[in-house]
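Chain residues, written in single-letter form:
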Amino acid sequence: MRRILSLFLTAAVLAGCSNDDKSAPAPAAEPSAGSVVAMPHADAQALADKYRTEAVTALGATLSGPPTSNLTPCEGPHTFTAITYGDVPVPTDQQNAALQKLREHFSGARYTVAPPGADGSLNAITPDRVKISVAPEGTDTLRINIATACYSSDEPM
């Protein structure tokens, strides 16, 4: 199940990195959706980590183990997205309430929040185009997936 969700997130990120992605309006100070701007790898990973930490903190929980973080090629040469994910222990009977708590937190932070998925999953996009997905991951666990927008860099992957 973890691999499936991770592959789904990667596919969603890669699909969302195309220049045709108009799903989330960008704030005025940021480039328009679909634009690729330069960012160092470390800064992009720090941005993804920041949103993972925000979600964990909003839940009032801690990760059940170390998070996974990596950089993945995006649109073409020298473009990438930073991805991170981690698991948070939440009893099955409390997961809907935890996901609703995150929805309220993200809505209050002015993120674009999609209606709940069939499994109650949460999908949101931050003003700086970072995609957040939180979904049940088996029994007593929520998986927090974070993916930045596509950035360009001359740094080797």
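Everything below is about the structure printed above this text.
Quick look at the structure, then. (Residues numbered from 1 in each chain as written. Predicted model: local features only at pLDDT ≥ 70, side-chain atom pairs only at ≥ 80, totals over all residues. Heavy atoms only, no water.)

**What about the overall build of the protein?**
Thought 1: The number of helices and strands found in the protein is 3 helices and 8 strands.
Thought 2: Listed by position from the N terminus, the elements making up the protein come as α-β-α-β-β-α-β-β-β-β-β.
Thought 3: Within the protein, buried positions represent 43% of all 157 residues.
Thought 4: In the protein, 63% of the contacts between residues at least 6 apart in sequence involve partners at least 24 apart.
Thought 5: Counting every atom, the protein has about 7900 Å² of accessible surface; 58% of that belongs to carbon and sulfur. (Helix = DSSP H or I, 4+ residues; strand = E, 2+ residues; numbered from the N terminus. Buried < 20%, exposed > 50% of the residue type's maximum accessible area, 1.4 Å probe, protein only. Contact = heavy atoms within 4.5 Å. Areas by Shrake-Rupley, 256 points an atom, 1.4 Å probe, with all protein chains shown as cover.)

**Overview of the nonpolar core**
Thought 1: Ranked by size, the top nonpolar core spans 27 residues in total, and within it Leu102, Phe106, Ile132, Val134 and Ile144 carry the most contacts.
Thought 2: Where this core is concerned, the elements lending two or more residues are helix H2 (41-59), strand S3 (79-89), helix H3 (95-108), strand S5 (122-125), strand S6 (131-136) and strand S7 (141-147).
Thought 3: The element best represented in this core is H2, accounting for 8 residues.
Thought 4: Setting aside its immediate chain neighbours within four residues, Leu102 contacts Ala55, Ala58, Leu59, Leu122 and Val134. (Core = buried A, V, L, I, M, F, W, Y, C linked by side-chain atoms within 4.5 Å.)

By themselves, these figures tell us nothing about what the structure is for.
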